[in-house]
Every structure is written in C-alpha cells, then in structure tokens.
Amino acid sequence: MGDVPQRRVTYVVSNELAHASSLLPSNPKRSAVVHSLVKAYGLLDSTKNSNLRVVAPVAATHKDLCVYHDGDFVDALLATDASKHETDALFGLEDDCPRFPNLARYVSLVSGGTLTAAHALRDGFADVAIAWDGGRHHAQKARAAGFCYANDCILSIMALRKLGRVLYIDLDLHFADAVAAAFPFSPSSNVLVLSLHHAGPGFYPAVPSGSSSTLPLLAGASTTTFARIWNEGLELVCKAFKPDAVVVQCGADGLAGDPCNVWNWSLGGSGGMGDIVSRVLDWRIPTLLLGGGGYSSANTARAWTYLTSIALGSPLDLESHIPDHVFFPLFAPSFTLDVAPGNARDENWRNDSHQLEEIVRGLQALAGSMASRQESS
Ligand SMILES: [Zn+2]
C-alpha cells in the first residue's frame, strides 16, 4: 500500500455553484449541506491534502450543452426571463421540472462543473475528479425529466471519449434512462452503461426490458446484494470491457433513511457504497465521481463526504462525530458520519426470487462474450 502514489483529485465547487444548485426545487439547500460537510471535515484544505485541487466550474455555454442537447431546448433552458414560456410543456419544464429562479445559471454551472471535472481527467491534470452537483441522469435530448434539466452525465461521457473506452456505472436508486438511451448497448460500442436501480410497476422511470444496461434490484437491497453482484458479475464485466475512463453516478437515494425508502444500502462494510467506489478507484483508471439523487440532505452529505475522503486516500472513520458547522443540527440524532442500514428485509434474497441469480448470470454471460470478442479481434 505504502508505495502506491496518491491519486491527484480535482474537486469542483464554488460559492456560486453551491448557491445556484441549492435552489434546485427537488433538493433545496442540499448542495450547500454537502459542500459544507466536506469542508467541515477539512477535506478541502489543500495544505493537508497536497494531492487535491479545488476548482471553480467553468460555466457551460450554449455550444457546450448542444454537444448533446437540441438547440431549441437549450434556448429554453438558458432563457433568462423567469416567466412561463410557450414551449415549456413541450420541453418538460413543468410538474417535477418547473422553472425556478436562476435556472439558466443553475444549468450552466452544474453541467459546466461536471465538464470542468471531466476535462481535468481528459487533460491529465487529475486521476479522480469530483462534481457532486452533477449526475442528472434523467434529462433527455430535448426534454427535462425527473428533476433533471441538462444531462451532464452524457456530456461527460462524450468529453471522456477522447481518452478511449468509457464505462458508466450508475448507483442511483432510479434507472439511468436517458444515459442508457443515449448509448444503447452494442458489443462494438466504446461506451458501456450499467445502471443498478430499483424497478417495479409504476416506479419511475419506466425500464425497457431486455437491455444489458439494466440491473434491477428489489426492495431492501443491502450491502450483501451489492457485494454479490459486484464480486460475481459486475467487476468481471468492467474488467472485460477494459475502460480507459470511468464515470460513477453516486446517487444517494438508495441509502437507508432516504425518503424514497426503497433500498436499505449503507456506507460501510463489504458491498457498502464506500467499498464499491473504492474498488472502482483501485483500478487506477481516470474516474469521474458525480452526484445524483438523495433526498435526505444529511445522508447525502455523509455519503459524498465519505466518498471524497476515500478518493483522497484517507477514508474517514464512519463512527466519527460530525464536526461543528452551520448545518450541524441536520445530523441529529446520531451526529456521526455513518449511514447505517435499517431493519428492512432484503427482498433480493427471498427464496422465491431469482432476481440476483439472473443478474449475476447475465453479467457473467456479458463478460464472457466481451472477453471472447476481444480474443477474436
Ligand atoms: Zn434517483
């Protein structure tokens, strides 16, 4: 361990980004809570972390967004008058994606933050780049959806393709529908999208059947489920794919205690969120860590603070006490960093469910076909 060089980490934040991102209607104040906790633990102190670069996002331009999105839709997103526009319904700017104050600035800074992080990897300035305000995986080419306005995940994959093959792993509770649609599975593709998510009747978003991208987990999914999928299938696929860059969407809405209340995932232990992300980082391939869902701001801050410490090479103690800072009261009642599992039963291990078997077998078959294709090519 001792002689493994520390990873160079780029962390994207600015006061303006945190302020704009904190106005997102689905996650009010969350960005401020996240960055404040990371800072309260001293992780952004570059005198303590010489391998860390904290950078402000370069705002994404109309042209940057049009690398994926349609121009008319980007016009609507970047319109600076906050009044209702005739095209709002057409572009999904209603219901769960309403216009809100400074939407244009929000979109440019959040997508720009993810692109700033991706460019640090692409240009060789960083081994790991972190943009916790990104991860907006539901936004479509010409339509806002599921609390997501512009799809920074897709934009980052497109930027990282300059490095070669890009693996996208989505840990959010919800299916990465727009990312999977943008990069449909094909054995010859140089982008592989893998989305672990919950699926069920009426659960958002609809999941197409038979897609290699989809790894649907039942309610109560816990560390043992993630450990099994990772150990017996997912890591084989990732290694067979031989990525040159990795994007991990670290949505925290599958963690225990989230208001979505579906999975029962936790931070620590084998198969915990920290373990999965640290195993990705152990591949030593340029890796972009993005945020995503997470509707308990305190637990999301815990998760992304812990992941930041892992990326920096000195994982925080999950039993540690939350440092005194402006959002301290939000961390009641435990006031520790850990997000421990609750009591929900993990339905993936029910005797009458073959969900896990099927996922693992599917991943093993995929890994096998990738490996044999590479041998024959
Ligand atoms: Zn989600």
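Residues numbered from 1 in each chain as written. Predicted model: local features only at pLDDT ≥ 70, side-chain atom pairs only at ≥ 80, totals over all residues. Heavy atoms only, no water.

Under an unreviewed UniProt entry, the protein has the name Histone deacetylase 8 and belongs to Exidia glandulosa HHB12029. Recorded in UniProt for the protein, the comment headed Cofactor (unreviewed entry) runs: "a divalent metal cation". Check the Sequence similarities (unreviewed entry) section of the UniProt entry for the protein; it says "Belongs to the histone deacetylase family. HD type 1 subfamily." (UniProt positions renumbered as here; feature names shortened; annotations may be inferred.)

**Student:** Explanation requested: the side chain of Thr116 in the structure shown.
**Tutor:** Among the secondary structure elements, Thr116 is positioned in helix α5 (residues 103-122). A residue is classified by how much of its surface remains accessible, and Thr116, at 14% relative accessible area, is buried. For Thr116, the side chain forms a polar contact with the main-chain nitrogen of Val58, separated by 2.9 Å. In this structure, Thr116 is in contact with Val12, Val55, Ala56, Pro57 and Val58, ignoring residues within four places of it in sequence. (Helix = DSSP H or I, 4+ residues; strand = E, 2+ residues; numbered from the N terminus. Buried < 20%, exposed > 50% of the residue type's maximum accessible area, 1.4 Å probe, protein only. Polar contact = N/O pair within 3.5 Å; in protein donor to acceptor, adjacent residues only side chain to side chain. Contact = heavy atoms within 4.5 Å.)

**Student:** Before we go on, may I ask you to explain the state of the cysteines in this structure?
**Tutor:** Put plainly, a disulfide is one covalent bond tying together the sulfur atoms of two cysteines. One pass over the full model with this rule turns up 0 disulfides. Free cysteine: Cys260, not disulfide-bonded; nearest cysteine sulfur from Cys148 at 12 Å. (Disulfide = S-S within 2.5 Å.)

**Student:** I would appreciate a short explanation of unusual backbone geometry in the present structure.
**Tutor:** Most peptide bonds take the trans configuration, and most residues that are not glycine carry a negative phi. Cis rather than trans, the peptide bond between Tyr204 and Pro205 has omega equal to -15°. Mapping Pro205 onto the fold places it in the loop between β5 (191-198) and β6 (214-217). Here the bond from Ala332 into Pro333 is cis, since omega is -5°, no more than 30 degrees from zero. By the element assignment, Pro333 lies in the loop between α10 (297-311) and α11 (355-376). You will see that Arg284, though not glycine, has its phi angle at about 60°, which is positive. On the secondary structure map, Arg284 appears in the loop between α9 (273-281) and β8 (287-290).

**Student:** Explain the environment of Phe91 to me, please; I cannot follow it from the model alone.
**Tutor:** Structurally, the position occupied by Phe91 is in the loop between α4 (71-78) and α5. Sequence separation between Phe91 and Val74 is 17 residues; the distance between their C-alpha atoms is 9.6 Å. The contacts of Phe91, once residues within four sequence positions are left out, are Asp72, Phe73, Ala76, Ala142, Arg143 and Ala144.

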